[in-house]
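# Observations on the model geometry
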Amino acid sequence: MPGLIGKKIGMTSVFGADGKNIPCTVIEAGPCVVTQLRTVEKDGYEAVQLAYDEIKEIHASAPQLGHFKKAGTTPKRKLVEFPANFDGELKLGDTISVDVLNDVKFVDVVGTSKGRGFQGVVHRYHFAGVGGATHGQHNRLRKPGSLGASSWPSRVFPGMRMGGHMGNERVKVFNLEVVKVIPENNLLVVKGSVPGAKGSYVTLEF
């Protein structure tokens, strides 16, 4: 399997073999259900669609109910498609758990970062501020300063670092070390931090 869907539980720390304290993130990985198989003959590409996290039928639309019924499973909240060459190994309705990560050493984690709202350049891009408080500054200490020449080209170039919306973006963290797999609780412990708030969905790629 090329991936798995999970949910960020929170952070903790474990002691390594050398006695060092390692900061870790706990992820509830799976169980995921195969709800669709893409083939080259029918769709033009090969992929596996996985579904995760139970919901009540009342919260699913009629097309969604039909889609899950075809796979022989209950409605799920999160669906993700992974490019994969399954070679007939997977079938609709198959359940994939965290056990597939037993022999995996490193994973890539994709999540949505925490939303910070509208932020200025000091917080968003770590600007130091303009000038000093003793040089005639009034209320410009946290301003971005000049945005470019006024005579030519008389416009602000695209990509200029300015205040704006921060966070709530898709973030991918590469090569997080798998510290521990706890199959009985569907938990995965990885070294380091994972983007997103507690309870947010993440995608594991390996």
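One structure accompanies this document, and this report is about it. (Residues numbered from 1 in each chain as written. Predicted model: local features only at pLDDT ≥ 70, side-chain atom pairs only at ≥ 80, totals over all residues. Heavy atoms only, no water.)

### Thoughts on the sheet that holds strand 4 (residues 47–54)
Neighbouring strands of a sheet are bound in pairs by backbone hydrogen bonds; such pairs are parallel or else antiparallel. A sheet is described by the order of its strands in space; here 4 strands give the open sequence 5-4-3-6, paired in antiparallel fashion. Pairing within the sheet leaves two strands with one partner each, and these edge strands are strand 5 (76–83) and strand 6 (95–96). Along the sheet face, helix 2 (residues 62–71) touches strand 3 (32–38), strand 4 and strand 5 and points at about 95 degrees away from the line of strand 3. (Pairing = 2+ DSSP bridges. Helix = DSSP H or I, 4+ residues; strand = E, 2+ residues; numbered from the N terminus. Contact = heavy atoms within 4.5 Å. Axes fitted to C-alpha atoms, helices over the stretch in contact; angles between N-to-C directions.)

### Let's talk about the pattern of salt bridges
In this structure the tally under the stated criterion is 6 salt bridges. Among the charged side chains, a network of salt bridges with common partners joins K7, D53 and R77. (Salt bridge = Lys/Arg side-chain N within 4 Å of Asp/Glu carboxyl O.)

### Observations regarding the pairing of strand 11 (residues 187–191)
Counting buried positions over the 5 residues of strand 11 gives 4, a clear majority of the element. Of the strand pairs in this sheet, strand 2 (residues 21–29) and strand 11 are connected by 5 bridges, and their pairing is antiparallel. Paired with C24 across the strands is K191, a residue of strand 11. A loop of 4 residues connects strand 10 (residues 170–182) with strand 11, the two strands running antiparallel in sequence, and N186 in this loop sits at a positive phi of about 55 degrees. (Buried < 20%, exposed > 50% of the residue type's maximum accessible area, 1.4 Å probe, protein only.)

### Quick notes on the sheet that holds strand 10
The 6 strands are arranged 1-2-11-10-7-12 in a closed barrel whose pairing can be described as antiparallel. Within this sheet the neighbouring strands show an average axis-to-axis angle of 50 degrees, counted without direction. As paired strands, strand 7 (residues 106–112) and strand 10 are joined by 6 bridges and run antiparallel to one another. Opposite V109, over in strand 10, you have V173 as the bridge partner.

### Thoughts on the environment of F157
Locating F157 in the fold gives a position in the loop between helix 3 (121–125) and strand 9 (164–166). With relative accessibility at 43%, the residue F157 sits in the partly exposed group. Each C-alpha atom, one on F157 and one on E41, is 46 Å from the other, the two residues being 116 residues apart in sequence.

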